[in-house]
Structure formats: structure tokens, C-alpha cells
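Remarks on the overall topology
Chain by chain, the residues run as shown.
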Amino acid sequence: MNKKKAFITGITGQDGSYLAELLLNKGYEVHGLVRRSSSFNRERIEHIYQDAQNTEHLILHYGDLTDASNLSRLLEKIAPDEIYNLGAQSHVRISFDMPEYTANTVGLGTLRLLEAIRETRLKTKFYQASSSEMFGKVQETPQTERTPFYPRSPYGTAKVFAFWNTVNYREAYGLFACNGILFNHESPRRGENFVTRKITMGVAEILAGKRDKIYLGNLTAKRDWGYAPEYVEAMWRMLQHAHPDDYVIATGEHHSVGEFVEEAFRLAGISDWKKHIGIDPRYYRPAEVDVLIGNPAKAHTQLNWKPKVGFKELTKIMLKADCEKIGVRFPHEV
């Protein structure tokens, strides 16, 4: 029996690495798109790649979401059963500094993939990584699949463009195409320029005596934070469902950046956390998203998916991993 083949853009990112592990464990042959650059950025998948059992089943291809002809050639060559589009310029604050590049990779990159599927006539299933940032200035709380979009960043607007093109290709051409509207999801593999890793790495370095302050932006912004390995399972479940559809993936509760800071310092045994936090205006967004909280009821009902890791456990997982990374003892097994 032939193995199922999956093609993942953004395989070297947080979600791509966890998804690759999940699919390999399910017996897939996994193909990943990686950009050729002056430095290798494969830290998150190196352990997978070096596993002898995965040598034949994890294949990396050079390419870029800005190169339509290469994407078409790769899809023809691989003929994947499932495509997961996770590649993007995914940092919201940076999207204000690089709006054109963000639109090109996030928005047009998705369109190029959809066109490649249509032109090659592949019988494949397509997953689009949509984002809670599409809700932006929220029109209702909590947000569901029917909540109107009001993006507040170049990243958010590009994701809206990609979302509606995914819906359009599903309806116009009969593609099995799904949008996963994922709310914030974190892990020890989160990039260090994202606020949660900035906090946990900073606290670990304070414990190690390597720094005294962490500089952040808006502490009052509230987010619905989940655990990334659980969220990639939701992606897979969408493509196993009988019919393509769009789903909110979230925990259904929110916490502020300040609460995340306070919990990380509590775990570290540091009570006076405020003296270790500095506010840097550079980290504020030109247009802020104040509160995001998702209602994952549809995913519960149709995909039988529910998050298990809560806010405090997530913070502990991340802080413990960063303590281990820099060689400092994790203070509290709580």
C-alpha cells in the first residue's frame, strides 16, 4: 500500500515542525518547502531529519511562495495527497515594516498555490493557515466562523485575502480546501521575537543572571493562547473530514500579556516581577488588536477536537524548556 504524501510550506517553522512529526508518526511521506538562504534555519526539524527512520520519508525541496512556476513543478513532481500552507511572514508587528513582502508571501503566495493545484489538476486536499488576526478590531466576542473580519495590520489583511481565495477556489473549482482560523498557539519552538518566547526566554536569562530586564510593548493586549502541537492535529483533522469547511481553533479563554508575564515570574519564584519589565514604544503596533477570544464549538462538534493544555501549563512548558536550553535549573515543579 502506497504511503500518503503531504506537502508542507513553512516546514521549518513552529507549526511546520510539529505537523511534520505528527504526519510521520501517522505513516506519511512528508515533503517540505524550504527557502534557500545564506544561513540554514532548520533547528526545529533537525532532530526529525536526523532520525534514521525518517531519512526516506522526510524530503525537503528548495522553493519559495513567491515563485509560481517552481510551486507548479514541485506539485506535479510530488503529487501530494494533502497540502498544508503554513509558510508566511508571520510576525504581525514586522508586517508594518514589510507590508509588500508580507502581502506577497501571505496573500499572493496562497493564491499561487491554489492556482498550481488548479492548473496541475491534482486530486489533493488543501489546508490554509488562516489567523485570528483577521478579526482585528473585533465585531463580536467570542469570535466564530461567522464573525466579520476587520484586520488591523498588513499581516491581517493579507490573511483575509488568502482566506477568501481559499473559499473561492473551493466554490468555483470544487477544490477540497479548508481554512483553519487559528488563534495564538505557542510552544518551546515559538520564534524568540514573539512575545511569549521573549517572556519565557527573558525570565530564564534573569534566573541565570544574564540580564535584569525584559522589554515589551502593550501588556494589556488579551489573547486566546493554546498549545501548538494540539493545533496542528486540528489541521490534520480538517483534511480527514468528509467535506471541506472553515474552522475556528481556539481555547475559548483569554489572558493578557501582563498575565503571561506574571505567571512566568511566579513559576520562576520571583514575586516582584514589575522591576524586571520595561516598556519599549517600538513594540507597540500602529493599530492595536485589543482582545481576541475564539469559540471552537464547530471544531468540537465536527472534528472531535478539543484543547487539553491550559494557560498555566502552557507557560510552564515554555519556561521549563527555556531554562533547560540555557542550562539553568527550573525552580518550581508546580
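Residues numbered from 1 in each chain as written. Predicted model: local features only at pLDDT ≥ 70, side-chain atom pairs only at ≥ 80, totals over all residues. Heavy atoms only, no water.

Let's shift gears to helix H8 (residues 228–240). The periodicity of an α-helix, 3.6 residues per turn, causes residues three or four places apart in sequence to face the same way. An ideal rise of 1.5 Å per residue puts 18 Å on 13 residues; H8 measures up with 19 Å between its terminal C-alpha atoms. Turning to H8, its buried residues number three or more, namely Ala-228, Glu-230, Tyr-231, Val-232, Ala-234, Met-235, Trp-236, Met-238 and Leu-239. (Helix = DSSP H or I, 4+ residues; strand = E, 2+ residues; numbered from the N terminus. Expected span 1.5 Å × (residues − 1). Buried < 20%, exposed > 50% of the residue type's maximum accessible area, 1.4 Å probe, protein only.)

Position of Ser-95 among the secondary structure elements: in helix H4 (residues 92–97). A residue is classified by how much of its surface remains accessible, and Ser-95, at 0% relative accessible area, is buried. In this structure the side chain of Ser-95 is engaged in a polar contact, spanning 3.2 Å, whose partner is the backbone nitrogen of Tyr-155. Among all residues touching Ser-95, those that are not within four sequence positions of it are Gln-89, Thr-102, Ser-153, Pro-154 and Tyr-155. (Polar contact = N/O pair within 3.5 Å; in protein donor to acceptor, adjacent residues only side chain to side chain. Contact = heavy atoms within 4.5 Å.)

Glancing now at the pattern of salt bridges. Taken as a whole and judged by the stated rule, the model has 16 salt bridges. Across the pair Lys-4 and Glu-82 runs a salt bridge whose closest N-O atoms are separated by 3.3 Å. Taken together, the residues span a long stretch of sequence, with Lys-4 in the segment before strand E1 (5–9) and Glu-82 in strand E4 (residues 82–85) at a distance of 78 residues. By relative accessible area, which is 36% here, Lys-4 ends up partly exposed. In this structure, Glu-205 and Arg-211 form a salt bridge, with 2.9 Å as the shortest nitrogen-oxygen distance. Put simply, Glu-192, Arg-197, Asp-322 and Lys-325 are held in one network by salt bridges that share partners. (Salt bridge = Lys/Arg side-chain N within 4 Å of Asp/Glu carboxyl O.)

Now for the domain arrangement of the chain. Partitioning the chain into domains gives domain 1 (5–186 + 226–249) and domain 2 (195–223 + 254–292 + 309–326). Look at where the C-alpha atoms of domain 1 and domain 2 centre, and you get two points 27 Å apart. When the two sides are added together, the surface that domain 1 and domain 2 hide from each other amounts to roughly 1,400 Å², 61% of it contributed by carbon and sulfur. Sorting the residues of domain 1 by area buried against domain 2 places Arg-93, Arg-152 and Glu-186 first, and these three jointly supply 34% of that buried surface. (Domains from an automatic or database assignment. Buried area = accessible area lost by both parts, 1.4 Å probe.)

What follows is about unusual backbone geometry. Following Thr-141, the chain continues into Pro-142 via a peptide bond in cis, with omega recorded as -5 degrees. Mapping Pro-142 onto the fold places it in the loop between strand E5 (125–131) and helix H6 (154–173). A positive phi angle, close to 50 degrees, is found at Ala-79, a residue other than glycine. Inspection of the secondary structure assignment puts Ala-79 in the loop between helix H3 (68–78) and E4. The backbone phi angle of Asn-304 is positive, close to 55 degrees, even though this residue is not glycine. Of note, Asn-304 is situated in the loop between helix H10 (297–303) and helix H11 (311–326). Since its relative accessible area comes to 59%, Asn-304 is described here as exposed.

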